[in-house]
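The lines below spell out each chain.
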Amino acid sequence: MDLCKLKSIRSVHSSAVTKLVRKIDAVKQDTDFDTEELTATFENLLQKQNILNNLNEQILNLAEAEDIEITRRRTENVIKKLSQDPKLLKKYGDIIAEQERRGFVETVDEKEQNGGKIHYIPHHPIHKESSTTPIRIVYDCSCRKSPSHPSLNDCLMDTPPKLNDLTKLLVQFRANQFATCTDNEKAVLYVGLS
């Protein structure tokens, strides 16, 4: 089955899962809910989620194309461009080293691959007019080997953001006596796939 068909089927099942979760929330709100109906809905939800997991696995298997060559070529081009300004090249290398130290990225020894899925993501610099951060790294998760091969973004399930219901979020924030605010520095780099 090709990627478009798999993504279409996944979209249908994803929509069904969302509806089932909403139904469970509605049933839980009702004080006289029917336990048999809730049990049946949970079982249906688990079945749909298993199907979704299977579809995601198939989509990821299609994405296992050898993307290392594209990534290697693009990285060599980045290094060649940055070599014209040694300070920027050093800063770029420092950022990569810091990301590796913090566990955002990792070095993969091609000889010692343990059979797990590996996806190489090309990256490039974005120059900023800033004295503290003159350059930052952007990872290109939309990169694909060819039009018929999926990108990493193609393999991720599309779901609506949790922040869409801002009113509900603000009411929940104000409902309690204490609130906590944080600054999640580089939070997007912590995203992992399993």
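Below or above, wherever it landed, is the structure these notes cover. Sequence positions are assigned chain by chain, starting from 1 and proceeding in written order. With the structure being a predicted model, the display of local features is reserved for residues of pLDDT at least 70 and the display and counting of side-chain atom pairs for 80 or more, all residues being used for whole-chain, interface and lining totals. Only hydrogens and water are set aside; all other atoms, that is, all heavy atoms of the structure, feed into the side-chain values.

Only DSSP runs of H or I covering at least 4 residues are called helices, and only runs of E covering at least 2 are called strands; the numbering of each starts at the N terminus. Scanning the protein from N- to C-terminus turns up 6 helices and 2 strands. Moving toward the C terminus, one meets the helices and strands of the protein in the order α-α-α-α-β-β-α-α. By residue count, 21% of the 194 residues in the protein fall in the buried class. Contacts in the protein between residues far apart in sequence, at least 24 positions, make up 64% of those at least 6 positions apart. Taken as a whole, the protein presents about 14,800 Å² of accessible surface, with 52% of it coming from carbon and sulfur. Using a 1.4 Å probe on the protein chains alone, a residue whose accessible area is under 20% of its type maximum counts as buried, one over 50% counts as exposed, and one in between counts as partly exposed. In this analysis, two residues are considered to be in contact whenever any of their non-hydrogen atoms come within 4.5 Å of each other. In this description, accessible areas are obtained by the Shrake-Rupley approach with a 1.4 Å probe, and a residue is regarded as covered only by the protein chains that are shown.

By disulfide we mean two sulfur atoms from cysteines, separated by a distance within 2.5 Å. Under the criterion given, the structure shown has 0 disulfides. Among the cysteines around Cys-141, which has no disulfide bond, Cys-143 carries the closest sulfur, lying 9.5 Å off. Look at Cys-141 and you get partly exposed, because its relative accessible area is 23%. Under the relative-accessibility criterion, Cys-143 is labelled buried at 16%.

Within the secondary structure, Thr-41 sits in helix H2 (residues 35–62). On the basis of relative accessibility, which here comes to 5%, the residue Thr-41 falls in the buried class. With near-sequence residues (within four places) excluded, Thr-41 lies in contact with Leu-20, Lys-23 and Ile-24.

Let us look at helix H3 (residues 68–82). Helix span, as expected, comes to 1.5 Å for every residue beyond the first. Look at H3: 21 Å from first C-alpha to last across 15 residues, which is about the 21 Å you get at 1.5 Å a residue. Here H3 has its buried residues at Ile-68, Ile-70, Thr-71, Val-78 and Leu-82. Projected down its long axis, H3 shows its buried positions confined to an angular sector of 155 degrees, all on one face. On its buried face, H3 is in contact with helix H4 (86–101), strand E1 (123–127) and strand E2 (135–139). An arc is given here, and it is the one of the directions from the helix axis to the C-beta atoms.

Note on definitions: salt bridges are taken to be side-chain nitrogens of Lys or Arg within 4 Å of carboxyl oxygens of Asp or Glu. Summed over the entire model, instances satisfying the criterion amount to 5 salt bridges. In this structure, the salt-bridge partner of Asp-140 is Arg-74, at a minimum N-O distance of 2.8 Å. Highlighted residues: Asp-140 in the loop between E2 and helix H5 (152–155) and Arg-74 in helix H3, separated in sequence by 66 residues. Bridged by salt links that share partners, the residues Glu-98, Arg-101 and Arg-102 form one connected network.

With that settled, the discussion passes to the packing of H3 against H4. Interaxial angle, 0 to 180 degrees, is taken between N-to-C directions of lines fitted to C-alpha atoms, where a helix line uses only the stretch in contact. In contact at an axis separation of 8 Å, H3 and H4 are set at 140 degrees when each is read in the N-to-C sense. As summarised for this structure, H3 and H4 are arranged oblique, according to the angle between their axes. Residues Val-78, Ile-79 and Leu-82 of H3 form the contact with H4, whose participating residues are Pro-86, Leu-88, Leu-89 and Tyr-92. Under the grouping applied here, Gly and all other residues not named as nonpolar or charged are polar, the nonpolar ones being Ala, Val, Leu, Ile, Met, Phe, Trp, Tyr, Cys and Pro and the charged ones Asp, Glu, Lys and Arg. Class assignment for the residues of the contact of H3 with H4 results in 7 nonpolar, no polar and no charged. Note on angle classes: values under 35 degrees are labelled roughly parallel, values over 145 roughly antiparallel, values of 65 to 115 roughly perpendicular, and the remainder oblique.

In this section: the environment of His-123. Its place among the elements puts His-123 in strand E1. C-alpha of His-123 to C-alpha of Cys-141: the two residues are 18 residues apart in sequence and 8.7 Å apart in space. Not counting chain neighbours up to four residues away, the residues in contact with His-123 comprise Thr-75, Val-78, Tyr-92, Ile-96, Ile-137, Val-138 and Tyr-139. Only 2.6 Å separates the side chain of His-123 from the side chain of Tyr-92, close enough to count as a polar contact. Identification of polar contacts relies on pairs of N or O atoms within 3.5 Å, with a donor-acceptor requirement for protein atoms, meaning one able to donate a hydrogen and the other able to accept it, and with residues adjacent in sequence counted only if both atoms are side-chain atoms.

For patch detection, residues must exceed 30% relative accessible area and be free of salt bridges, and they are connected within 9 Å for like charges or within 5 Å for nonpolar side chains (Val, Leu, Ile, Met, Phe, Trp, Tyr). A cluster of nonpolar side chains, Leu-166, Leu-169 and Leu-170, forms an exposed patch at the surface whose accessible area comes to about 270 Å². The topology assignment puts Leu-166 in helix H6 (residues 166–175).

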